[in-house]
Amino acid sequence: MMTMRSMHPSVRNRRGSIAVMYAILLIPIIAFAGMALDLSFAYTRRTEMQSVADAAAMAAARALNGTLPGIEAARTAARTIAERQRYSFGKPVVWSETALRFSDSPDKPDGDWLPASAVNAANAANLYYAKVDTRELDAAHGQTEVVFMRVLGGSAEPMTMAARAVAGRTGIQVTPLAVCAI
């Protein structure tokens, strides 16, 4: 076994350099690990919000049948499904009617979608598409704290995540009048 005296002088001088390099590199490693943790929380919240939007839009679209009672059923279905969803590891979603809108086409711009409260018997006949936007829910639903980014000099504001989902019929269910056979 070699003792300190028997080591070559250049080896003895290098022994402490690894500890210094490790100490210098430890700070960026911890910073990147913290940033990755913050971003993973933000991604998780975005996924949770997308799940709420998807589930509520699908439930509302299933209930749409071109009538005012269908619109009411869609509103109830969206509320029921959304309130069953959880975010931030178990908190219930608080539904808001402003998050749900209806249209006769999935391609319309945001401003042309009718709020659920504005639908009446006259315009309910053509509404077969539902859109849910989680930005219209309570702002706390989409927010996630960024602890490590704040420590590194980033913004003290929490990150806000939101999602949208559009659902509707791709075809009209029609019973054939006759079946042709050759």
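As the structure is a prediction and not an experimental result, all values here were calculated from the model.

What counts, and at which threshold
- Residues numbered from 1 in each chain as written.
- Predicted model: local features only at pLDDT ≥ 70, side-chain atom pairs only at ≥ 80, totals over all residues.
- Heavy atoms only, no water.
- Pairing = 2+ DSSP bridges.
- Helix = DSSP H or I, 4+ residues; strand = E, 2+ residues; numbered from the N terminus.
- Contact = heavy atoms within 4.5 Å.
- Core = buried A, V, L, I, M, F, W, Y, C linked by side-chain atoms within 4.5 Å.
- Buried < 20%, exposed > 50% of the residue type's maximum accessible area, 1.4 Å probe, protein only.
- Polar contact = N/O pair within 3.5 Å; in protein donor to acceptor, adjacent residues only side chain to side chain.

Below, the discussion takes up the sheet that holds strand 3 (residues 100-103). One open sheet holds the four strands; their spatial order is 4-3-5-8, and the pairing between them is antiparallel. Each end of this open sheet is capped by a strand with a single partner; those strands are strand 4 (114-115) and strand 8 (164-168).

Quick look at the environment of Thr 160 now. In this structure, Thr 160 sits in strand 7 (residues 159-160). Note: C-alpha distance between Thr 160 and Gly 142 (18 residues apart in sequence) is 5.1 Å. Setting aside anything within four residues of it in sequence, one finds Thr 160 in contact with Gly 142 and Gln 143.

This paragraph deals with the nonpolar core. Grouped together as the largest cluster of nonpolar side chains are 29 residues, with contacts concentrated most on Ile 71, Trp 95, Leu 100, Phe 102 and Val 132. Going through the elements one at a time, helix 1 (9-63), helix 2 (68-84), strand 3, strand 5 (129-133) and strand 8 are the ones with two or more residues in this core. At eight residues, the largest contribution of residues to this core is made by helix 1. In this structure Phe 102 touches Leu 64, Ile 71, Ala 74, Arg 75, Trp 113, Leu 114, Ala 116, Val 119, Leu 127, Tyr 129 and Ala 130, once residues within four positions along its chain are discounted.

Further remarks concern unusual backbone geometry. Not every positive phi belongs to a glycine, and Ser 88 is a case in point at roughly 50°. Within the fold, Ser 88 resides in the loop between strand 1 (86-87) and strand 2 (91-92). Of note in the backbone geometry, Phe 89 takes a positive phi value of approximately 60° without being a glycine. On the secondary structure map, Phe 89 appears in the loop between strand 1 and strand 2.

This part covers the side chain of Ser 88. On the accessibility criterion, Ser 88 (17% relative accessible area) is buried. A distance of 3.1 Å separates a polar atom in the side chain of Ser 88 from a polar atom in the side chain of Arg 45. When neighbours within four sequence positions are excluded, Ser 88 is seen to be in contact with Arg 45 and Glu 48.

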